[in-house]
Amino acid sequence: MATTTTSSAGSLRTYLLTRLLLVIPMVWILVTVVFFVMRVVGNPVTSHLSGHVPPAVIKAALHKAGYDRPLLTQYWDYISGIARFDFGKAETDNQPVTHLLVTRGAATLELAVYALIVAFLVGVPLGRVAARYRDRLPDVVLRVFAVLAYAMPVFYIGLLLQLLFAIKLGWVPPSGRASIEAETAINDVAPNTHIYLINAILYGNTSYIWDVLKHAILPALTLGLLTAGVFLRLVRVNLLQTLRSDYVEAARARGVPERTVMRKHAFKNAMIPVVTVMGLQIAALLGGAVLTETTFDWQGIGYTLAHYIEGADFVAVQGIVAALAVIVALVSFVIDVVAAIIDPRVRY
Amino acid sequence: MTTALPEAEALAATDLNVKHSRFPGMAAMRATSGFQRGMLVFGLVVVLFFVVLAVFASWIAPYGFDQTGEGAKIFPTQAAPSAQHWFGTTVDGFDVLSRVIFGAQTALEVVVLAVALSIVVGVPFGLLSGYFGGWFDRIAVLIADSLFAFPSLLLAIVVAVAISGGGSGKWSGIFATAVAITAVYVPQYFRVVRNATVAAREEPYVEAARAIGANPSAIMARYVFGNVVQTVPVIATLNAGDAILTLAGLGFLGVGIEPTAAAEWGHDLSTAVQNDVSNGFWWSGVYPGLAIVLLVLGVTLVGESLNDVLNPLLRTAKITKVVLPGRRKKGLMHAPAARQEAQPAATSGIEPGADPSAASGRGADR
Amino acid sequence: MSPTESVLDVQDLRVWYAGPAGPVRAVDEVSFSLKPGEVLGLVGESGCGKSTLGRGLMGLVPRGAAVDGTVTFDGTDLLALPRKQRDRLRGGGMGLIFQEPMTRLDPLMKVSDHFDEALRVHAPELKKAQRRDRALEALRALGIPPTRYDTYPHEFSGGMRQRIMIALTLALQPKFIVADEPTTALDVLVEAQILRILADIRKQFHPAILLITHNLGIVAEACDRVAVMYAGRIVEQGPVREIFADPQHPYTRALLKSTISLSTQELHSIPGAPPDLVRPPQACRFHPRCEHAMRICADQDPPTVGTPNHHAECWLLQPADDESRRPLTRQEVSVADEA
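Calculation rules
Residues numbered from 1 in each chain as written. Chains lettered and ligands numbered in written order. Predicted model: local features only at pLDDT ≥ 70, side-chain atom pairs only at ≥ 80, totals over all residues. Heavy atoms only, no water. Helix = DSSP H or I, 4+ residues; strand = E, 2+ residues; numbered from the N terminus. Buried < 20%, exposed > 50% of the residue type's maximum accessible area, 1.4 Å probe, protein only. Contact = heavy atoms within 4.5 Å. Patch = residues over 30% accessible without salt bridge, like charges linked within 9 Å, V, L, I, M, F, W, Y side chains within 5 Å. Areas by Shrake-Rupley, 256 points an atom, 1.4 Å probe, with all protein chains shown as cover. Salt bridge = Lys/Arg side-chain N within 4 Å of Asp/Glu carboxyl O. Lys, Arg positive; Asp, Glu negative; His and termini not counted. Charge placed at Lys NZ, Arg CZ, Asp CG, Glu CD. Axes fitted to C-alpha atoms, helices over the stretch in contact; angles between N-to-C directions. Parallel < 35°, antiparallel > 145°, perpendicular 65-115°, else oblique. Left-handed = near helix turned anticlockwise from the far one by under 90°. Nonpolar A, V, L, I, M, F, W, Y, C, P; charged D, E, K, R; others polar. Buried area = accessible area lost by both parts, 1.4 Å probe. Core = buried A, V, L, I, M, F, W, Y, C linked by side-chain atoms within 4.5 Å. Phe/Tyr/Trp six-rings, centres within 6.5 Å; stacked < 30°, edge-to-face > 60°. Pairing = 2+ DSSP bridges. Expected span 1.5 Å × (residues − 1).

Chemist: Looking at this structure, I do not really get the overall build of chain B. What am I missing?
Modeler: The helix and strand inventory of chain B stands at twelve helices and two strands. Element order for chain B, N to C, with α for helix and β for strand: α-α-α-β-β-α-α-α-α-α-α-α-α-α. Each of the 366 residues in chain B was classed as buried or not, and the buried ones make up 47%. For chain B, contacts bridging at least 24 residues in sequence account for 75% of all contacts bridging at least 6.

If you want it as structure tokens, here you go:
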């Protein structure tokens, strides 16, 4: 038995190492694409300067930003910076991108976690229901719901929810992460995690905690429902497949009660592809986050990106996008690790 | 689920109709359950509707998309739906209905262009990469996978910003956006075509062709291409839906198409969120959004139904329960009747009263 | 044969399931019985309904299928039971060994988990350690060492997985086992191993077994009695020795003739194609392919003739001297053969 365990642990190690080695070229490709694409437009430096700018000013700005150096030197600086997790500074307000990532990124992280919770709590159980009542009314209704969730742009869901629950009914605030009062208070907390919920808990005022949560409901629902639709269809399809599988039939033949068959055999096996797809969903989630944050004035990294786009500060845009590329790659790597640990069959 | 009705004369039936028809697609179509067929029809109707809107926009729309007045009269701003403005007006005084209609035009222009470009770039690349393999293929796959793993909206933003940073006006905006969307989806076409090519390359008949020394491009053109090309329409329709959403996303963020150059649904939603929602004015956002949802729904349904119909494994045949007929009575001698075709009908629907088994009496039992 | 003697008594069983062209009459009025400890072989061509029969006994039928008849297991009519009760008999009372072992174990569960789960259901009075002991004992009988108990299915070969499946079935100590072509997917050496193990199991556990196979060699070696199935019906059944020595039904004779052995001089095959189970041939289902077909064979269902121990369904066994016994002409045969 000892030999078996180390060999399977060894192959797990090999798999993870191989996976990690793949991440690096992928990230490199992405940031390189971003770099060159941004250079195509001419120069991103002065694009935010509107009106007629004297050539001397342009030249000075270019020189200051280092854009008049040979391309390869710029590229080398860029890449080595990224290796040190330095993604440059915004042109318009001199904010280092890394700093933005920490402060604003936390907001996006908070939103993403809320959204994933909603997606899981809504999508997975509904997927099971849909599989159980296959082709009958509940299944049809749920599938329509899932397709609709996909077809609706995330900002449209946001707009509708805002109109109904915040404006017409007034149950929840329409935008922002917290009321001004709460926000100023909890940001004084040490350590400042920049995650409002944790800060509020640390601060210890229940009304502030409730305030933060109330502000989070609509954005979480918006971003979450979109992903819930994906999970629903995924769980449904996979569950239908596993319910038809040979080992399920064998378990039934052994007299294992149907409830246990559903829960232990069919469902657990069906969830593995879901975890794998989660990796891909991170990318979609980030795109959705940009749109959701803009709709709800949720000051995360997506909101920040939109802000810099509007201000035509493309140095910042480049930095943020490159940073996000790295983050996405790392996060999907982590998810692959989790998937590999869960499924004993997955080795490279 | 496995009940039997001992005395019933009724007949088992399934919904699949296996009559031969001139159009193999039609047989497959008929083989689908009602739900699937309904979805396909609905999707086609919706898509056609929007195509008509797009093509005939100038005639159908009551006003121009950036028209703020008619003659001497200036349109009210943020006006609720009325007889003059069925969908109300925006904060700038534009007619929402007209913008929705012209938005269809924009959407179709961009998406058709993007899908066409993606196919023109992605398919040949995929074919070449899949067929010749080697280092080129490995690198290409790595690049495609990297791009594929990245949030599509962000990639589109980067490309759109890069291209449109230069020019202005309708066509550079549309072109820029189309190219941005192309950049996002080329990896998908590439991957699918490449995988199909790799699979086709392993087929025995291709191997045979290579063995007799046929020219690689001839092999590709004759054998591989035909098989591979089948996968493209399905991806194209599924992609079109995604492309519309990406376009809307870009418009929402103010990237790509200048608002004065053309009407775009996503951009209108952005305006609505910033100006109208907080006041409770719903029409400027709800209608453009509805248009997006409908069109994406239509296109997706067509794509999925196409996929289901063409892929026989996914076709959900309706299974109706088998109902056992009564048993043949033992001990009866059967009068020699004509040998008929009297067999369980293969047509859909239950035929009450039909005796399925040619009622021959049983001989002496044991 | 009184029902109280036999472990399993099947009367006029029908299992029809839904197919694209109409209902498939996979099992069309089949009757047989099994005494405790007896092994009944069920042979036939692919697609004759043997698998459906085996599964039908367990209640594992496809969606939309219909079952009727009487299946008396240990004195209880299974088909009259409410579904939940019948399901509970599975595993503990009746076991099933599947054909394809590679995919029959849950990839996420260790072998030990499989045993633990099954024993928890059927022997709830056992404690965890006792369950483990029972499982290891069954595995040992199948030649699997205890060191491999806590491993995942994908670490085993096909032959070993089949042995694990058999051990899993046996650990529940069923009175009756359906073995659905248990060695078809395995290579010859492994097949021989498993057959040897089956013989040992018979000595040790005495289950009644319905051994489904298309291989007459296995029947000769492992079975006490054999039932020959064709187009959803059992055309002949009896003790193995008798049937091999003196087959009554033309199909049985043809099957035996077509098996290959060292003494085979030339190859024989049965003319025609396997029957369509949606539109089976009229009256005697074998008549389109039978070289002795008579007029009456295409017209009326053949009677069952013979002793309760060994009987067959064939008009040849009930000779008469009239028009109906004239041979079926070539032309008519081909017309009826359009299944």
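There is more to say, and it comes next.
Chemist: Just to check I follow, could you spell out the overall build of chain A for this structure?
Modeler: Counting its regular elements, chain A contains 13 helices and zero strands. Listed by position from the N terminus, the elements making up chain A come as α-α-α-α-α-α-α-α-α-α-α-α-α. Along the three orthogonal principal directions, the C-alpha set of chain A runs to about 85 × 60 × 40 Å. Looking at chain A residue by residue over its 348 residues, the buried ones come to 51%. Nonlocal contacts in chain A, meaning residues at least 24 apart in sequence, comprise 73% of its contacts between residues at least 6 apart.

Chemist: Please clarify how a positive patch on the surface should be interpreted in this entry.
Modeler: Taken together, Arg259, Arg263 and Lys268 of chain A together with Lys84 and Arg88 of chain C make up a surface patch of like positive charges. Within the residue set of the positive patch, elements represented by two or more residues are helix 11 (258-296) of chain A together with helix 2 (83-89) of chain C. Ranked by residue count, the leading element in the positive patch is helix 11 of chain A, at three residues. Tracing the backbone through its elements, the reader meets Arg88 of chain C in helix 2.

Chemist: Please explain the packing of helix 4 (residues 128-141) of chain C against helix 5 (residues 158-171) of chain C as it appears in this structure.
Modeler: Two measures define how a pair of helices packs: the angle their axes make with one another and the distance between the axes. Residue and element names in this part refer to chain C. Relative orientation of the contacting elements helix 4 and helix 5 amounts to 130 degrees, with a least axis distance of 8 Å. Put simply, helix 4 runs oblique to helix 5. The hand of the helix 4/helix 5 crossing is right-handed. Residues Arg134, Ala138 and Leu139 of helix 4 lie in contact with helix 5, whose contacting residues are Ile164, Ala167 and Ala171. Of the residues belonging to the contact of helix 4 with helix 5, the class tally is five nonpolar, no polar and one charged.

Chemist: Could you clarify how one ought to interpret the interface of chain A and chain B in this entry?
Modeler: Accessible area lost upon the coming together of the parts serves often as the stated size of an interface. In this complex, chain A contributes 42 residues to the contact, which on the side of chain B involves 47 residues. Between chain A and chain B, a total of about 3,900 Å² is buried, with carbon and sulfur atoms accounting for 84% of that surface. By the criterion of area lost to chain B, the three top residues of chain A are Tyr150, Phe155 and Tyr156 of chain A, representing 15% of everything that side buries. Counting the contacts that link chain A with chain B gives zero salt bridges.

Chemist: I would appreciate a short explanation of the nonpolar core in the present structure.
Modeler: In summary, soluble globular proteins display a tendency toward joint burial of nonpolar side chains. Tyr78 and Leu159 of chain A together with Ile157, Leu253 and Trp265 of chain B are the most contacted members of the largest nonpolar core, which has 136 residues in total. With 14 residues, the top contributor of residues to this core is helix 13 (residues 314-342) of chain A. Beyond its immediate sequence surroundings of up to four residues, Leu253 of chain B is in contact with Val290, Leu291, Thr294, Ala306 and Ile309 of chain A together with Leu153 and Ile157 of chain B. Core analysis: the next-biggest nonpolar cluster, separate from the first, contains 103 residues, Leu8, Leu13, Ile144 and Cys290 of chain C among them.

Chemist: Explain the packing of aromatic side chains to me, please; I cannot follow it from the model alone.
Modeler: Following the criterion strictly, the structure yields 26 aromatic pairs over all chains and no others. Between the aromatic rings of Phe165 of chain A and Trp171 of chain A, the centroid separation amounts to 5.7 Å while the plane-to-plane angle is 40 degrees, which identifies the pairing as tilted. Residue classification places Phe165 of chain A among the partly exposed residues on the basis of a relative accessible area of 24%. Where Phe50 of chain B meets Trp265 of chain B, the ring centres are 6.0 Å apart and the plane angle is 75 degrees; that geometry is what we call edge-to-face. Of the two residues, Phe50 of chain B is situated in helix 2 (residues 34-55) and Trp265 of chain B in helix 11 (residues 265-276); the sequence distance between them amounts to 215 residues. In terms of burial, Phe50 of chain B and Trp265 of chain B fall into one category: buried.

Chemist: Just checking my understanding: could you explain the packing of helix 6 (residues 154-168) of chain A against helix 11 of chain B for this structure?
Modeler: Between helix 6 of chain A and helix 11 of chain B, the least distance of the axes is 11 Å, while the angle of their chain directions is 30 degrees. Considered as vectors, helix 6 of chain A and helix 11 of chain B are oriented roughly parallel to each other. When you trace helix 6 of chain A past helix 11 of chain B, the crossing you get is left-handed. Here helix 6 of chain A contributes Phe155, Tyr156, Leu159 and Gln162 of chain A to the contact with helix 11 of chain B, which in turn contributes Gly266, Leu269, Ala272 and Val273 of chain B. For the contact of helix 6 of chain A with helix 11 of chain B, a count of residues per class yields six nonpolar, two polar and no charged.

Chemist: Honestly, the environment of Thr52 of chain C in this entry has me stumped. Any pointers?
Modeler: Residues and elements named next belong to chain C. Topologically, Thr52 is positioned in helix 1 (residues 50-58). What makes Thr52 buried here is its relative accessible area of 16%. Taking the C-alpha atoms as reference points, Thr52 and Gly232, separated by 180 residues in sequence, lie 9.3 Å from one another. In this structure, Thr52 is in contact with Val15, Tyr17, Ala26 and Val27, ignoring residues within four places of it in sequence.

Chemist: Can you walk me through the sheet that holds strand 8 (residues 208-213) of chain C in this structure?
Modeler: The pairing of strands in a sheet comes from backbone hydrogen bonds and takes either a parallel or an antiparallel form. Residues and elements named next belong to chain C. One open sheet holds the eight strands; their spatial order is 6-7-8-3-9-10-12-11, and the pairing between them is mixed. Of all strands in the sheet, those bounded by a partner on one side alone are strand 6 (94-97) and strand 11 (304-306). Between one strand and the next, the sheet's axes are offset by a mean angle of 20 degrees, whatever the strand orientation. Relative to strand 9 (residues 225-230), strand 3 (residues 39-43) runs parallel, the two being bridged by four bridges. Bridge assignment links Leu42 to a residue of strand 9, and that residue is Ala227.

Chemist: When you look at the pattern of salt bridges in this model, what are you seeing that I'm missing?
Modeler: If charged atoms from side chains of opposite charge come close, those side chains can pair. All names here are of chain C. Enumeration according to the criterion identifies 27 salt bridges over all chains in this entry. One salt bridge connects Arg14 with Asp68, and the closest N-O pair in it is separated by 3.1 Å. Note that Arg14 is positioned in strand 1 (residues 8-19) and Asp68 in strand 4 (residues 66-73), a separation of 54 residues in sequence. Exposure class is identical for Arg14 and Asp68. Each is buried.

Chemist: Would you mind going over helix 5 (residues 134-149) of chain B with me for this structure?
Modeler: Spacing of three or four residues puts side chains on the same side of an α-helix, whose turn is 3.6 residues. The terminal C-alpha atoms of helix 5 of chain B lie 23 Å apart, and with 16 residues this matches the ideal 22 Å at 1.5 Å per residue to within 8%. Of all the residues in helix 5 of chain B, the buried ones are Asp137, Ala140, Ala144, Ser146 and Leu147 of chain B.

Chemist: Help me understand the sheet that holds strand 5 (residues 76-77) of chain C, please; the structure alone is not making it clear to me.
Modeler: Residue and element names in this part refer to chain C. Taken together, four strands build an open sheet; the order of strands is 2-1-4-5 and the sheet is antiparallel. Each edge of the open sheet carries a strand with a single partner, namely strand 2 (22-34) and strand 5. Bridge count between strand 1 and strand 4: seven bridges; the pairing is antiparallel. Bridging across to strand 4, Val10 finds its partner in Val71. Set on the sheet, helix 1 makes contact with strand 1, strand 2 and strand 4; between it and strand 1 the angle comes to about 110 degrees.

Chemist: Help me understand a nonpolar patch on the surface, please; the structure alone is not making it clear to me.
Modeler: All names here are of chain B. Among the surface-exposed residues, Val51, Val52, Val55, Phe56, Trp59 and Ile60 lie close enough to one another that they form a single nonpolar patch of about 580 Å² accessible area. Only helix 2 and helix 3 (57-60) provide two or more residues apiece to the nonpolar patch. The leading source of residues in the nonpolar patch is helix 2, at three residues. Looking at where Val51 falls in the secondary structure, it is placed in helix 2. Residue class for Val51 comes out partly exposed when judged on its relative accessible area of 32%.

So, to be careful, I would describe these as geometric facts and stop short of saying anything about function.
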